[in-house]
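As a plain string of letters, each chain reads:
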Amino acid sequence: MVDNSTLMAETGRSLLVDSSILDSKITETPKEKIFAASTSDGEEEMPPIETRVVVVQEAAKCKELLNALEEIKVPYIKAESVEEYRDTESPEFETVFVIADFHAPVFNDLYKADCRVLGPPIVMDCARKGEALPFSCRPLYCASMLNLVLCFTGFRKKEELVKLVTLVHHMGGIIRRDFSSKVTHLVANSTQGDKFRVAVSLGTPIMKAEWIYKSWERRNEIDFCAANEEFKNEFKVPPFQDCMLSFLGFSDEEQKSMEEMTEMQGGQHLPVGDERCTHLIVEENTVKDLPFEPSQSLYVVKQEWFWGSIQMDARAGESMYLFEKADSPELKTSVSQLSLNTPNSNRKRRRLRETLAQLTRETDMSPFPPRKRPSAEHSLSMGSLLDISNTPEASITCGETPKSSCMKPSKNSTPLPPKQSARWQVAKELYQTESNYVDILTTIIQVFQVPLEKEGQLGGPILAPEEIKTIFGSIPDILDVHIKIKEDLEDLMINWTESKSIGDIFLKYSKDLLKTYPPFVNFFEMSKETITKCEKQKPRFHAFLKINQAKPECGRQSLAELLIRPVQRLPSVALLLNDLKKHTAEDNPDKATLERAIESLKEVMTHINEDKRKTEAQRQIFDVVYEVDGCPANLLSSHRSLIQRLETVALGDDLCDRGEQVTLFLFNDCLEVARKRHKVIGGFKSPHGHTRPPASLKHIVLMPLSQIKKVLDIRETEGLSTGSRRAKNSASVGTATKHLR
């Protein structure tokens with residue numbers, strides 16, 4: 001392929017060589033210092049060489065450029081022709097040509113003469129930073145790709161590759177022929193090949209050639225950087241470029257959703273059996289055999305490959321996800337994700353082996369590490385003493401113990417008590433459900449939260465830190481408390497006697513429960529809303545959920561379904577403790593302790609409900625503030641709550657026009673009066689991040705309830721005209737509204 005050979009420009013210069021050494025000379029050191037250093041050990045010191053700038057043709061008309069040269073304090077000459085300066089080798093001057101058009105004939109002449117050529121943007125950038133003009137061995141127009149290291153793959157047309165390499169050099173970029181971990185961007189014209197596969201494994205951004213062309217179009221923008229994330233993301237190679245996918249074994253709704261996702265990610269979808277298909281995506285849980293014999297060129301993969309590619313934002317290696325029929329050999333022989341095609345020469349084979357060995361040392365190559373067996377730390381080792389096979393939450397198993405919590409392994413098994421009392425049975429159920437609950441929380445953290453928070457994710461972060469915090473809240477703190485409760489319950493069950501106190505365990509951790517639960521439960525609805533919003537707006541998060549929710553430790557439950565468990569746990573524990581109390585003898589000391597434990601749990605739940613009510617009340621006040629334009633800021637108060645909203649009509653013209661619709665917001669200590677806005681403009685976000693409609697009401701007055709003397713409830717009755725309606729049901733009310741007139 002062309003990208004593995006050395007390309008030669010018209011002047012005979014090598015373009016696609018490892019240019020890092022040459023490009024390292026793009027420094028801020030003036031050339032005269034280099035010459036001075038090289039002669040310092042000689043018998044005779046050379047005179048200092050001064051940089052002289054020749055501003056050519058159109059560039060000489062740019063006032064901003066000339067001002068920049070004056071700021072750098074470099075002498076310059078305006079010239080229409082460069083002939084008298086091009087061939088003059090002066091021992092006193094190092095000539096730098098500044099040209100506005102790198103496609104003009106004068107540029108080609110200077111380039112062939114091996115002259116030092118700069119573009120106006122790089123000069124103005126140096127002036128702004130207070131730096132000297134860079135010394136570059138190649139023409140340098142701007143700094144849009146400065147410090148970027150690019151590698152190319154899949155380009156078969158020599159002319160196109162020469163053009164791309166030249167533009168990268170003009171923008172200050174570095175070219176490497178061989179891919180390594182030092183490459184910052186791979187420019188790909190194909191999703192096949194060794195370089196592409198290694199780039200996917202390293203998480204190196206894979207770009208279209210259009211990225212370079214569009215960057216060059218913006219070459220005159222001094223502040224522009226080609227590595228800007230927002231700009232760069234427009235030109236990433238989509239995961240399913242060059243792929244034609246078919247789907248087998250999915251429901252109509254699932255298949256439609258996956259086909260839409262395929263188009264969004266740059267691919268096409270075809271009916272099953274179409275010969276043009278490159279990938280057949282199989283739902284391995286429903287499909288046991290294929291309806292046809294696949295061709296050698298067709299990849300038959302599990303759906304995890306589909307979602308994994310979207311999550312990584314790059315096409316994943318198929319060999320890790322091949323679908324195999326039951327009791328049959330593999331559908332297709334495939335090499336490892338990172339195995340390389342056998343080179344045609346020993347030199348290439350040796351170079352590729354060395355590159356692969358280097359990359360293996362530098363980074364973990366697999367984008368999806370192999371799944372680990374569920375940790376033994378969370379499996380019960382109490383033998384037949386605690387058989388949890390039929391417990392309500394036994395379907396959820398856990399993975400690796402979270403690093404944030406320290407958990408002891410289970411104790412050795414002990415023989416069953418001679419007779420299993422009803423109290424023991426309830427205590428066993430309490431322990432079983434507590435153990436399973438700890439497993440669920442561990443799964444939430446290890447399968448979902450930790451991967452989302454991990455740095456260096458392939459394709460970049462899936463969610464923003466604030467979104468992760470909103471979704472998971474205080475789950476790690478809740479887990480820490482319940483691991484301790486589980487350990488205490490386990491120790492109690494191993495050393496069981498009827499006099500053992502279970503109530504003491506929950507009394508011991510009641511303050512911790514009170515501290516950790518309200519922040520999560522009160523904002524659980526916001527957590528669900530954030531999950532729904534991100535899943536719709538971020539395909540990579542949707543793919544992440546699809547991959548992880550299919551894992552055995554999740555029990556095929558969604559993240560939202562798992563997150564509701566903390567909301568349900570305390571009421572469930574209270575019921576079990578109440579049942580335990582019923583089966584505890586009156587003379588058992590744990591009877592009174594259980595009553596206190598139940599009361600402590602009720603206090604926690606009451607606090608949660610009260611806290612939630614206050615939170616909701618505050619949100620209602622925020623709603624009023626955002627709905628009413630000009631609403632006084634002092635309406636926001638921690639002790640204030642909204643009681644009622646009332647739509648009415650003004651009977652007088654003191655505060656607004658007679659007959660105008662008026663909205664009353666009755667709070668526990670004041671009354672906000674507002675009217676409908678005649679002109680609605682603007683829009684904004686609430687403190688919770690939700691986009692809100694513009695204010696529809698206009699503030700009139702905010703009055704304390706102490707100023708209100710009387711309330712009149714005016715009702716319409718049949719048979720009475722509007723003019724003869726009378727005030728009825730006059731009453732003295734503690735929280736009242738004022739009759740407007």
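Scroll up to find the structure this text is about.
Residues numbered from 1 in each chain as written. Predicted model: local features only at pLDDT ≥ 70, side-chain atom pairs only at ≥ 80, totals over all residues. Heavy atoms only, no water.

(A) Highlighting the overall build of the protein chain. In terms of regular secondary structure, the protein chain is built from 23 helices and 21 strands. Considering the protein chain as a whole, with its 741 residues, one finds that 46% of them fall into the buried category. A sequence separation of at least 24 residues applies to 68% of the contacts in the protein chain between residues at least 6 apart. When the accessible surface of the protein chain is summed, it comes to about 38600 Å², and 49% of that surface belongs to carbon and sulfur atoms. (Helix = DSSP H or I, 4+ residues; strand = E, 2+ residues; numbered from the N terminus. Buried < 20%, exposed > 50% of the residue type's maximum accessible area, 1.4 Å probe, protein only. Contact = heavy atoms within 4.5 Å. Areas by Shrake-Rupley, 256 points an atom, 1.4 Å probe, with all protein chains shown as cover.)

(B) Molecular detail of the pattern of salt bridges. Counted under the stated rule, the structure contains 22 salt bridges. With a closest N to O distance of 3.1 Å, Arg128 and Asp125 form a salt bridge. Of this pair, Arg128 and Asp125 both sit in helix α6 (residues 120-129), separated by three residues, roughly a single helical turn. Here Asp590 makes a salt bridge to Arg423, at a shortest N to O gap of 2.9 Å. Of this pair, Asp590 sits in helix α23 (residues 590-627) while Arg423 sits in helix α14 (residues 422-453); the two residues are 167 residues apart in sequence, bridging distant segments of the chain. The exposure classification of Asp590 matches that of Arg423, with both residues buried. In this structure, a network of salt bridges that share partners links the residues Asp125, Arg128, Lys129 and Asp223. (Salt bridge = Lys/Arg side-chain N within 4 Å of Asp/Glu carboxyl O.)

(C) Spotlight on helix α11 (residues 252-264). Here α11 spans 18 Å end to end across 13 residues, near enough to the 18 Å set by a 1.5 Å rise per residue. Of all the positions in α11, only Met258, Glu259, Met261 and Thr262 are classed as buried. Angularly, the buried residues of α11 cover 160° about the axis, an arc narrow enough to put them on a single face. More than 90 degrees from the buried face of α11, the exposed residues found are Asp252, Glu253, Lys256, Glu263 and Met264. (Expected span 1.5 Å × (residues − 1). Arc of directions from axis to C-beta.)

(D) Seen up close, the sheet that holds strand β13 (residues 628-629). The strand order across the open sheet built from five strands is β13-β19-β16-β15-β14, with neighbouring strands paired in mixed fashion. Looking at the sheet topology across the chains shown, the edges are occupied by β13 and β14 (642-649). Pairing of β13 with strand β19 (residues 697-704) involves two bridges; the strand directions are parallel. If you follow Val628 over to β19, its bridge partner there is Leu697. (Pairing = 2+ DSSP bridges.)

(E) Local environment of unusual backbone geometry. We note that Gln57 has phi near 50°; this positive angle belongs to a residue other than glycine. For Gln57, the position within the fold is in the loop between β1 (50-56) and α3 (63-72). Assessed through its relative accessible area of 29%, Gln57 is described here as partly exposed. In this structure, Asp313 takes a positive phi of about 65° despite not being glycine.

(F) Structural view of the sheet that holds strand β12 (residues 299-302). Pairing is parallel across the open sheet formed by four strands, whose spatial order is β10-β9-β11-β12. Two strands lie at the open edges of the sheet, namely β10 (268-269) and β12, each paired on one side alone. The sheet contact formed by strand β9 (residues 244-248) and β10 spans two bridges and is parallel. Pairing of Met244 across the sheet is with Gln268, part of β10. On top of the sheet, α11 reaches β9, β10 and β11 (279-282); it is set at about 170° to β9, its chief contact. Sitting on the sheet, helix α12 (residues 303-312) touches β9, β11 and β12, and the angle it makes with β12 is about 80°. (Axes fitted to C-alpha atoms, helices over the stretch in contact; angles between N-to-C directions.)

(G) Representation of the packing of aromatic side chains in the model. Evaluated as defined, the whole model comprises 15 aromatic pairs. Centroid distance Phe102 to Phe107: 4.5 Å. Interplanar angle 20°. Geometry classified as stacked. Residue classification places Phe102 among the buried residues on the basis of a relative accessible area of 4%. Using a relative accessible area of 5% as the deciding quantity, one classes Phe107 as buried. With a centroid separation of 4.9 Å and an interplanar angle of 90°, the aromatic rings of Phe224 and Phe231 are classed as edge-to-face. (Phe/Tyr/Trp six-rings, centres within 6.5 Å; stacked < 30°, edge-to-face > 60°.)

(H) The arrangement of the pairing of β19 in detail. Where strand β16 (residues 670-676) and β19 come together, seven bridges link them in antiparallel fashion. Looking at β19, one finds that Leu671 is bridged to Met703.

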